[in-house]
Amino acid sequence: MKRYLAAAALAAIINTPQAAENWLATWQASPHAVWDSNGFALPTGVPAVLERQTVRETARISVGGSRLRVVLSNRYGTQPLLVGEARLGRAGETTRQLTFGGKASVVIQPGAPAVSDALEMPVAVLEKLAVSVYLPERTPLATFHWGAQQTGAIMAGNRTADATLADAQPLHGRALLSGIWVDAPAGAATAAPAAGVVAAFGDSITDGNGSTPDQDRRWPDYLAARLSPGGVAVVNAGISGARLLGDRMGVNAAARFEQDVLLQPGVRTAIVLMGINDIGWPQSIFAPHEAPMTADRMIAAYRQLIAQAGAHQVRIIGATLPPFEGTAIDGYYTPAKDALRRQVNQWIRESNEFDAVADMDVLLRDPQQPSRMQPRYDSGDHLHPGDAGYEAMAAEAARTLSRY
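None of these values were measured; they are calculated from a predicted model. (Residues numbered from 1 in each chain as written. Predicted model: local features only at pLDDT ≥ 70, side-chain atom pairs only at ≥ 80, totals over all residues. Heavy atoms only, no water.)

1. Description of the sheet that holds strand S7 (residues 85–90)
Here is the rule: Between any two strands, at least two bridges found by DSSP are needed for them to pair. Only DSSP runs of H or I with at least four residues qualify as helices, and only runs of E with at least two residues qualify as strands; both kinds are numbered from the N terminus onward.
What the six strands build is an open sheet, ordered S8-S7-S12-S4-S15-S16; its pairing is antiparallel. Among the strands making up the open sheet, the edge pair consists of strand S8 (96–97) and strand S16 (169–171). Pairing of S7 with S8 involves two bridges; the strand directions are antiparallel. Within the sheet, the bridge partner assigned to Leu-88 lies in S8 and is Arg-96.

2. Some remarks on the domain arrangement of the protein chain
In many analyses, interface size is given as the accessible surface area lost on bringing the parts together. Quick reminder of the rule: In this entry, domain limits derive from an automatic or database-based domain assignment. When checking whether two residues touch, look at their non-hydrogen atoms; a contact exists if any pair is within 4.5 Å. Accessible area, probed at 1.4 Å, shrinks when two parts are joined; the buried area is that loss added up over both. Salt bridges are defined as contacts in which a side-chain nitrogen from Lys or Arg sits within 4 Å of a carboxyl oxygen from Asp or Glu. Side-chain atoms alone can form a polar contact between residues adjacent in sequence; in general such a contact is a pair of N or O atoms within 3.5 Å, and within protein one must be able to donate a hydrogen while the other accepts it.
As assigned here, the protein chain comprises domain 1 (23–180) and domain 2 (189–402). For domain 1 and domain 2, the distance between their C-alpha centroids amounts to 26 Å. The partner domain 2 presents 41 residues to the 31 residues of domain 1 that form the contact. Interface area, domain 1 with domain 2, both sides summed: about 2800 Å², of which 52% is carbon and sulfur. Inspection of the region where domain 1 meets domain 2 yields two salt bridges. Across the pair Arg-75 and Asp-260 runs a salt bridge whose closest N-O atoms are separated by 2.8 Å. Taken together, domain 1 and domain 2 are joined by 16 residue pairs in polar contact (both at pLDDT 80 or more). Tallying contributions element by element places strand S1 (residues 23–28) first for the side of domain 1 that touches domain 2, with six residues.

3. Section: the environment of Ile-285
Which entries qualify depends on this criterion: Note on classification: 1.4 Å probe, protein chains only; a residue is buried when its accessible area is under 20% of the maximum for its type, exposed when over 50%, partly exposed between these limits.
Position of Ile-285 relative to the elements: it lies in the loop between helix H5 (276–280) and helix H6 (295–311). Using a relative accessible area of 43% as the deciding quantity, one classes Ile-285 as partly exposed. The spacing of Ile-285 and Phe-40 is 245 residues in sequence and 8.8 Å in space, taken between C-alpha atoms. Beyond its immediate chain neighbours, meaning those up to four positions away, Ile-285 contacts Ala-41, Ile-329 and Asp-330.

4. A word on the pairing of S1
Every other side chain in a regular strand lies on the same face of the sheet, so the side chains alternate between the two faces. Most of S1 is tucked away: six of the six residues are buried. As defined by bridge partners, S1 adjoins strand S17 (residues 177–183) across five bridges and the pair is classed as antiparallel. For Trp-27, the partnering residue across the bridge sits in S17 and is Ile-180.

5. Remarks on the packing of aromatic side chains
Definition in use: Pairing of aromatic side chains here covers Phe, Tyr and the six-membered ring of Trp, requires ring centres within 6.5 Å, and sorts the geometry by plane angle: under 30 degrees stacked, over 60 edge-to-face, intermediate tilted. Placement of a positive charge over a ring is assigned whenever Lys NZ or Arg CZ falls within 6 Å of the ring centre and within 35 degrees of the normal to the ring plane.
Per the stated rule, a full pass over the model turns up twelve aromatic pairs. Relative to Trp-146, the ring of Trp-35 lies with its centre 6.2 Å away and its plane at 55°, an arrangement referred to as tilted. Of this pair, Trp-35 sits in the loop between strand S2 (32–33) and strand S3 (49–50) while Trp-146 sits in the loop between strand S14 (143–144) and strand S15 (152–156), placing them 111 residues apart in sequence. Given the relative accessible area of 6%, Trp-35 is considered buried. On the basis of relative accessible area, Trp-146 is assigned to the buried category, the value being 17%. Between Tyr-302 and Trp-347 the ring centres are 5.9 Å apart and the planes differ by 15°, which places this aromatic pair in the stacked class. One end of the pair, Tyr-302, is in helix H6; the other, Trp-347, is in helix H7 (residues 335–350), and 45 residues separate them in sequence. In textbook terms, an aromatic cluster arises when at least three aromatic residues are bridged by ring pairs, as seen for Trp-35, Phe-40, Phe-144, Trp-146, Trp-281 and Phe-286. One Lys or Arg, Arg-69, reaches over the ring of Trp-23 and ends 4.8 Å from the middle of that ring.

6. Quick notes on the side chain of Thr-26
Along the chain, Thr-26 turns up in strand S1. At 2.8 Å, the side chain of Thr-26 forms a polar contact with the backbone oxygen of Val-63. If sequence neighbours within four positions are ignored, Thr-26 has contacts with Ile-61, Ser-62, Val-63, Ile-180, Trp-181, Val-182, Ala-233, Val-234 and Val-235.

7. Quick notes on the nonpolar core
Note the threshold: Note on terminology: a nonpolar core comprises buried Ala, Val, Leu, Ile, Met, Phe, Trp, Tyr and Cys residues joined through side-chain atoms within 4.5 Å.
Counting 118 residues, the largest nonpolar core has Trp-219, Leu-223 and Tyr-302 as its most contacted members. No other element matches H6, which puts eight residues into this core. If you count residues domain by domain, this core takes at least three from each of domain 1 (23–180) and domain 2 (189–402). Residue contacts for Tyr-302: discarding those within four places in its chain leaves Leu-244, Val-272, Met-274, Gly-275, Leu-321, Val-344, Trp-347, Ile-348 and Phe-354.

8. Here we look at the sheet that holds strand S19 (residues 232–238)
Here is the rule: Axis definition: a line fitted to C-alpha atoms, over the contacting stretch in the case of helices. Angles run 0 to 180 degrees between N-to-C directions.
Reading across from one edge, S19-S18-S20-S21-S22 is the order of the five strands in this open sheet, with parallel pairing throughout. In this open sheet, the two strands that pair with only one neighbour each are S19 and strand S22 (356–358). For this sheet, the mean inter-axis angle between neighbouring strands, taken without regard to orientation, is 25°. Taken together, the three bridges between strand S21 (residues 315–319) and S22 define a ladder with parallel strand orientation. For Ala-319, the partnering residue across the bridge sits in S22 and is Ala-358. The sheet contacts of helix H4 (residues 253–262) involve strand S18 (196–202), S19, strand S20 (267–273) and S21, and relative to S18 the element is tilted by about 155°. Across the sheet, H6 lies against S18, S20 and S21, angled at about 155° from S21, the strand it touches most.

If you want it as C-alpha cells, here you go:
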C-alpha cells in the first residue's frame, strides 16, 4: 500500500500546473530497502542509524535548466523521517537552502518521497551538484541505494552550509537522495521522438559495478554525455542485484517500474537491461535454494514491463543480456544458465515485442568464445564491463535510439 501512495503522490506533483511539461528528471538513484546483512551474502555498507548527522551526496546531472527540485526518499521506511535542513550547491561551492512548502524542514512519511520547492538556480549540462541533508533525530536507515559508484560523506552535526568537508566519514552508498528534476528549456521534452528523458532500467551492469568510482563512467553516464547537449536527459534506474522476478536487492522489476521509470517527469523512453540475476542467482551463494529460472517466466516478466510502458505511452527498448562465463561467484555460471541466456536473447531479438533492441550481447561477447566477455570490455570479474565496455554500451544505446 505504501508504494501505491508514494506513486500517487509523485503523480500529483508531476501533473500540477507549476510543474508543467518542462520539468524533467535529470538525475536519479532508485531507492530500495536495506536488507539484513546476517542473512545475505553482501553487507549493506551503510550505517544502520544516523542521528544529529549531515549526509552529503554528489550527483552529476544530465540536462540543465533554470530551476531545480530535489527528491528525498523514505520509500521503505516504517516511521516518519525528519529532515532538519537540506541544501544544494555546486560541488565544492557555497550551498543554497532547499525548502519544502516554504519551510526549511520536512517530515517524510513512511513510503513517501519529499519533493522540494523549486529552487532558482541555473545549472548547465553535466554539472556536478551536491545535496546535503541534516538529520537531527535518531533515524534508522531503512531506504538506501547500494553500490553507488560515488563516494558521499557523513559528518557530525549540521554541516549542510559548509562548502567543503575536511573531516567526513565516507559513504559508499546513497542514503536519502533519489532524484533531481530540472526546469529545462521549453521544448526539451517534446523536440524529437527520443527526446525528453531516457531511463536506463536494470541491475548492477546499469548501476555501474566495475566502472571507476567517482568518475561517472557507468553506461548511462556515457549516454548522458552523448545526448544531454541536445536536450535529452538520461537517468539511471539501475539497482545492483535487481531481478525481473525476485526481491532482495530491490523489489522485482514490475513492482518498481512505475515509480522508478514511468512516473519520472518527462520520461519518453525506457531501456531495459535486466535478467542476468534471474538466471545466475538460483542455486548460487545468493539464492542457494531457488529453483532454476525458465525462459517462459522471464518472457512473461518482460511482457508485463512492455504492457506498463505502453499504457504510459513510453517507448521501451529491450537490451540483450551480456555473457558471464568465468565469474568467480560460486554457482552463478553454468553451461545450462548460459543456454538459458541465449534463449532469452533470441526472444528479445526476434519477438518484435519491444519497440527496439539494443544488442549488448553481440557488442560485448568474445567472437571466439561467445559465452565470455571480450577482454577489452571486461572489468576483470567476467560479469561486469569496465569503463571501455560501458562506453561501448552507451554508443550502442545511442545508435538504437537514433534508429527510431
